Amino acid sequence: MNSDQLDGITAIRTYVDRLVTGDGRCNGMKVLLLDGATTQILSCVSTQSEILSREVYLVSRLDDPRCNPNLNEYSNSSDFNNENGGDSNNNNNGGGIHSLALQEETHVGHMKAVVFLRPTDNNIGLLVRELSRPRFSEYHIYFSGIVSPNLFQLLCENDPQERVRQVQEFYADFLPINPDLVSLNCRNTLKMTSALYQRNLMGLQSMLLANKRQPGTIRYQKSSRVAKQLAKDISDNIQSDDIFHFRRGTGGTNNNLLLLVVDRMDDPVTPLLSQWTYQAMVHELLGLNNNRVILRGVPNVSKDLEEVVLSSAPGHDTFFQSHRNSNFGELGEAIQKLLQDYQARSQQHQVSNLKSIEDMQSFMEKYPELRSESHTVSKHVAIMGELARLVEVCSLMDVSAFEQDLACADDQGGHLKELMSKLDSSSIKIPDKLRLGMLYALRYETAMQNAIPAVKEAMRRGGVPPNNIALIDAVLKYAGAKVRGPGLYGSNQSSLSKMTKSFMTSVQGVSNVYSQHSPLLMDTIESAVKGKLRGEDYPMVSKLGSGIAVDNLPLPQEILIFMVGGMTYEEATKVSEFNEANAGRVRVILGGSTVHNSTSFLEELKLI
């Protein structure tokens, strides 16, 4: 892989490699002090054992009273956790202690501390308190974003014992999920508040700085007020701060990076669909938060598999790296082969086959690898088994086929008839009835006889609670035809292009009835790389390229897309497939507020 290629995981790993050595100035055993957000960021690219193997004696949380004796007077650290990225819905170890954060130990005063925090008011306050009663011999401080002059001055004025050896900015302020997928893990952004907006602005800045890119062009989704403001603010920051002025894209000014700011509201359909690729399916049915899957309570799952990791970081799980975008059928075959290969290898190393000292030595050398492989195989078999069980008990194949038809075809009479049948069926689960009703309402909202009131009544008879039925009105308010931009159902395509697409589909057939849908994002990307992204729908921020017509812009070789309100793993899968098909020509990296499944998307709609 090109070392200069846009890659979220590589960018963060580079910072982590520098961090654990104090950027070459903190040798020997040390303590690593983190907050809730930076703990999550590091754990996306490094395991606890990897960190501890690099002369790190202890990994601890500066913002948790159980780890920091300087905070003993605080009985509740929720304020710190909230600002630093702690999410009460995602923390599984109580109070936000992540697997990287170990229990505090005594007698560490002779050690040095490497501190990695988000540059927030609360964290500066924590540092001031720490430096007033220092627990370590010296402090090497790194912030994950740009530190304001006022906060920096406050820190400088509050080091009475002069323990601080260095302060740097390492722009690792996002979660690198896949090489081409990065997230801020920032929830409740469908209805953006001022504080959440600032978090999104800082995160987008970090994505550019970590990858050492200055956009050649910044464009935004015209239908979104937030996307427009974010694009303008990031442009103003680039113009006013020399720190952004490396180069425009890879290889000089001729190969421009396009920064494209879009909004979830333009495509409310994708988060409502069932998923059939590995990473997306796990997130939809089991939940995939900070690369962790909770299997606690799943039938026949052993205790050591109650919480497992699915990471795309190099060296963590080669099977998942290779198959995260595989569909359900391909995945079953791949896991069966994985199991067969493991069984064949383990039989070669059975104790009964050990005939000599050399055999015993070989066995002991291979044992750690076999044990690790055993856990990997067991993990994927357990996840696949639970996915298969849920597909069956929830009748997901039947539900998904209808979802795809609602998303891709225009047949109001036929769709209404099938929808009413499914809403009356006892085999269809309540959440699936809700999603089907919402998908129908989005497609036929503007039809003269859209039957939405009748659909709501059928949902009520089918057992959907009234507060969930109200989500139909919520999604239309958030992303209905009057609000979103054109293109969701092909409304920005010419009649000829729509007829051609329909004809080709009928001639070629659909290779998989469960994967007919293509997110709106992919139409946007295809238009951008061909230079056909309409200026009236995606204007350009004027300061970067004033006097240049949108139609005459150079074709981008790199595109950073930031989706306000959050993206999905379906979109991430399509971006990954696009990058593979266009390797060496153009590369896209997808970032956004969070990664949604249908549950998180519906929960945020309730707040609108």
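Residues numbered from 1 in each chain as written. Predicted model: local features only at pLDDT ≥ 70, side-chain atom pairs only at ≥ 80, totals over all residues. Heavy atoms only, no water.

**Describing the nonpolar core**
Nonpolar side chains in soluble globular proteins tend to be buried together.
Then comes step 1: Residues Leu-32, Leu-204 and Val-261 are the most contacted members of the largest nonpolar core, which totals 56 residues.
Then comes step 2: It is helix 7 (residues 194-210) that provides the largest number of residues to this core, a total of eight residues.
Then comes step 3: Sequence-distant contacts of Leu-204, defined by excluding residues within four places in its chain, comprise Leu-230, Ile-234, Leu-259, Val-261, Leu-560 and Phe-562. (Core = buried A, V, L, I, M, F, W, Y, C linked by side-chain atoms within 4.5 Å. Buried < 20%, exposed > 50% of the residue type's maximum accessible area, 1.4 Å probe, protein only. Helix = DSSP H or I, 4+ residues; strand = E, 2+ residues; numbered from the N terminus. Contact = heavy atoms within 4.5 Å.)

**Observations regarding the pairing of strand 8 (residues 217-220)**
Then comes step 1: By the alternation rule, side chains of strand 8 split into Thr-217 and Arg-219 and Ile-218 and Tyr-220, which are all buried.
Then comes step 2: In this structure, strand 8 lies alongside strand 9 (residues 257-263), joined through four bridges in parallel fashion. If you follow Tyr-220 over to strand 9, its bridge partner there is Val-261. (Pairing = 2+ DSSP bridges.)

**What about the sheet that holds strand 4 (residues 138-143)?**
Then comes step 1: Read across the sheet, five strands follow the order 2-1-3-4-5 without closing on themselves; strand pairing throughout is parallel. Looking along the sheet, the strands with just one partner apiece sit at the ends: strand 2 (56-61) and strand 5 (164-169). Between one strand and the next, the sheet's axes are offset by a mean angle of 15°, whatever the strand orientation.
Then comes step 2: Pairing geometry for strand 3 (residues 112-117) and strand 4, over six bridges, is parallel. Residue Ala-113 lies in a different strand from strand 4, and its bridge partner there is Tyr-139.
Then comes step 3: The sheet contacts of helix 2 (residues 36-45) involve strand 1 (30-34), strand 2 and strand 3, and relative to strand 1 the element is tilted by about 115°. (Axes fitted to C-alpha atoms, helices over the stretch in contact; angles between N-to-C directions.)

**Here we look at helix 1 (residues 8-19)**
Then comes step 1: Taking 1.5 Å per residue, 12 residues should reach 16 Å; helix 1 reaches 17 Å between its end C-alpha atoms and fits that length.
Then comes step 2: Taken as a whole, helix 1 has its buried residues at Gly-8, Ile-9, Ala-11, Ile-12, Tyr-15, Val-16 and Leu-19. Each buried residue of helix 1 lies within a common arc of 165° when the element is viewed along its axis, so the set occupies one face.
Then comes step 3: Between a side-chain oxygen at the N-terminus of helix 1 and the backbone nitrogen of Ile-9 the separation is 3.0 Å; the capping residue is Asp-7. (Expected span 1.5 Å × (residues − 1). Arc of directions from axis to C-beta. Polar contact = N/O pair within 3.5 Å; in protein donor to acceptor, adjacent residues only side chain to side chain.)

**Brief notes about helix 15 (residues 430-444)**
Then comes step 1: Compared with the 21 Å implied by 1.5 Å per residue over 15 residues, the 21 Å span of helix 15 between its first and last C-alpha is a close match.
Then comes step 2: With 13 of its 15 residues buried, helix 15 lies for the most part within the structure.

**A closer look at the pattern of salt bridges**
Then comes step 1: One pass over the full model with this rule turns up 28 salt bridges.
Then comes step 2: In this structure, the salt-bridge partner of Arg-66 is Asp-64, at a minimum N-O distance of 3.1 Å.
Then comes step 3: Overall, Arg-66 belongs to the partly exposed group, its relative accessible area being 45%.
Then comes step 4: Exposure remark for Asp-64: the relative accessible area of 1% places this residue in the buried category.
Then comes step 5: Two residues, Asp-173 and Arg-199, come together in a salt bridge whose shortest N-O distance is 3.3 Å. Of this pair, Asp-173 sits in the loop between strand 5 and strand 6 (175-178) while Arg-199 sits in helix 7; the two residues are 26 residues apart in sequence, bridging distant segments of the chain. (Salt bridge = Lys/Arg side-chain N within 4 Å of Asp/Glu carboxyl O.)

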